[in-house]
Amino acid sequence: MSKYEVIIGLEIHVQAKTESKVFCSCKNSFGAPSNSSVCPICLGHPGVLPVVNREAIHQIVKAGLMTDSDIARYSKFDRKSYFYPDQPKNYQITQFDLPFCANGKIPIGGKGLSGEMIEPRDIGMERIHLEEDVGKSVHYSGSHSTVDYNRAGVPLLETVSMPQMHSADEAYAYVQSLQQIMRFGGISDCDQEKGQFRCDVNISLHKPGTPFGTKIEIKNLNSTRHIWLSINHEIERQTEILDDLEGTGPNGEDGKLPDQETRRWNDARGETVVMRIKETADDYRYFPEPDLPPVVLTDAQIDAFKAEMPMPPKAYREKFVNEFKITEYDAHVLTLDKSTADFFLAAGSKVKKPKAVANIMMNQLNALLSDGEKSLDETKLEPDHLVQMVKLVEANKIQKNAYAKLLPILMEEGGDVEKIAEAKGMIVELDTGALEAWVDEAIANNPKAVAEYKEGKQNAIQFLMGQVMRASKGKAAAPMVIPMLKKKLS
Ligand SMILES: [Zn+2]
């Protein structure tokens, strides 16, 4: 255990999925030719008027509802002034004091990237506000730079967490959970390679019981792995600085407090490096946006949004744990993506013991999907296939070990489970006469095991059971074999 407590807060920008941009009617599309999706509004020409996109408001309210946030009945936009080539207006339209959403919660749990289990709890989310994305500068080394304004005006949800995470694993779990919520809600695909999910980390270390340490910001992280790595590196780096300050660090006595600075992750070097030193707090000078009226939402409108809100990942997990009786951890794994969660929901609702379906999905199916590097959607497997498989096992028509043989066929070709099981000789022999013949054969051929069993070695019966299964080429109904063996040997 380190003697310092780590305090982490995350600011994450999520691009919302909408047809058009947030304040003009240009298409919100990624990958179009440079500067092809622009107009006088998103290029900041003088004299134009922005109009807020209702779909963007719907998306942010949905994000708020799915994170248990308070939704503002009265919200307004502000201008954040700064000069940079990617923002031709010299200000960004954002929200300062009256954001759409406040006091949300992001549940964390599951396993961290280190493989350690994370204690399930909620991390507070201070706010979500709506703003416009800026253009994208492209730098050609040594010669020139260009700016592509296709991204300028894409709706951006800025989410600000409370400083309540204490490790890289917890930050990882928060990021994963926020992405799930956005994806389940159809709010954003959170495709990091397309810049749809960008994270800034605030991190400081202090001794418990003393004031918070110097806050270091790590900017522009667009990979979950980089977020995790950069936090771990910062913990190491700041620990060393604080140890030096006490005279116990590797550099002896010349310690000083960490500089208040903004850093970025250098993946090639595997460390964070200084971007700029902060001398004072950022002073962006916010002004109320005079060209956009405040947004007023009525209770009826919010109720309507609520009524059509997709089920958040947490609600799936609660249903799986409370009604389907599976473990917290299994529920976490089965809700990592929406198609898996919906699949399990559909299959689990149709069987007596959903745990049996969960086991197949967590074990055999997961292994096959990761071997084939496929997602569930890319196969022909349907929830009903698992329902049929489980029901056939419950009826003693196939054995559990048939799952591993049936799944690859169903994933590749689909089809009727029972017919495939018949064609492949997987149907179990239930005829007691046939079973008895195999059991008698196993007893006759294995006098040593029989003697051992009679001396009280319970394991011997498992061996005899194996012999019965071998003689029957796997067709003997396993649940019937042991009682029959026991009866014959008593
Ligand atoms: Zn435009």
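I will try to describe carefully the structure that is included in this document. Residues take numbers from 1 onward in each chain, read along the sequence in its written order. Restriction of local features to residues with pLDDT of at least 70 applies here, the model being predicted, together with a cutoff of 80 or more for giving and counting side-chain atom pairs; totals for whole chains, interfaces and linings are based on all residues. In computing side-chain properties, one takes all heavy atoms of the structure into account and sets aside hydrogens as well as water.

Coordinating donors are taken to be N, O and S atoms lying within 2.8 Å of the metal, or within 3.2 Å when the metal is Na, K or Ca; because water is excluded from the atom set, some sites may appear incomplete. For the zinc ion, the full set of protein donor atoms is C24 (SG), C26 (SG), C39 (SG) and C42 (SG), and the range of their distances to it is 2.2 to 2.4 Å. Geometry at the zinc ion is tetrahedral, judged from the four donor atoms that bind it and their angles of 100 to 113° at the metal. Ordering the donors of the zinc ion by residue number gives the pattern C-x1-C-x12-C-x2-C. In this pair, C26 is assigned in the loop between β1 (5-15) and α1 (54-66) and C42 in the loop between β1 and α1, connecting sequence segments 16 residues apart. Each label reflects the angles at the metal, where four donors whose angles all fall between 85 and 135 degrees are tetrahedral, four or six donors whose opposite pairs open beyond 155 degrees and whose other angles stay between 65 and 115 are square planar or octahedral respectively, and the rest are irregular. The helix count covers DSSP runs of H or I at least four residues long, the strand count covers runs of E at least two residues long, and both are numbered beginning at the N terminus.

In short, DSSP must find at least two bridges between two strands for them to pair. Across the sheet, which stays open at both edges, the three strands sit in the order β5-β4-β15 with antiparallel pairing between neighbours. The strands lining the two open edges of the sheet, one partner per strand, are β5 (91-94) and β15 (286-288). If you compare each strand with its neighbour and ignore which way they point, the axes differ by 30° on average. With three bridges connecting them, strand β4 (residues 78-81) and β15 associate as antiparallel partners. Note that in β15 the partner of K80 across the bridge is Y286. Orientation is described by lines fitted to C-alpha atoms, with helices fitted over the stretch in contact, and by angles between N-to-C directions that extend from 0 to 180 degrees.

With respect to the helices and strands, D133 occurs in the loop between β7 (121-132) and β8 (136-140). Polar contact is defined as a pair of N or O atoms within 3.5 Å, subject to the rule that within protein one atom must be able to donate a hydrogen and the other to accept it, and that residues adjacent in sequence are counted only when both atoms are side-chain atoms. Here the side chain of D133 touches Q15 through a polar contact of 2.9 Å, side chain to side chain. At 2.8 Å, the side chain of D133 forms a polar contact with the side chain of R198. Discounting residues that sit within four places of it in the chain, D133 has contacts with Q15, R151, A152, G153, V154, L156 and R198. In this analysis, two residues are considered to be in contact whenever any of their non-hydrogen atoms come within 4.5 Å of each other.

The subject of this paragraph is the packing of helix α8 (residues 354-371) against helix α9 (residues 383-394). One can describe the packing of α8 onto α9 by two numbers: an axis separation of 10 Å at closest approach and a directional angle of 115°. Crossing of α8 against α9: the hand is right-handed. Residue-level inspection shows A356, V357, I360 and M361 of α8 in contact with α9, the latter providing L386, M389 and V390. Gly is placed with the polar residues, together with every amino acid not listed as nonpolar (Ala, Val, Leu, Ile, Met, Phe, Trp, Tyr, Cys and Pro) or charged (Asp, Glu, Lys and Arg). The residue makeup of the contact of α8 with α9, split by class, is seven nonpolar, no polar and no charged. Each helix crossing is assigned a hand: it is left-handed if the near helix lies turned anticlockwise from the far helix by less than a right angle, otherwise right-handed if that turn is clockwise.

Further remarks concern the sheet that holds strand β14 (residues 271-277). The strand order β2-β6-β7-β10-β1-β11-β12-β13-β14 describes an open sheet built from nine strands, whose pairing is mixed. A strand with exactly one partner marks an edge of an open sheet, and here the two such strands are β2 (70-71) and β14. Where β1 meets strand β10 (residues 155-161), five bridges bridge the pair, whose relative direction is antiparallel. By the bridge assignment for β10, I12 is matched with T159.

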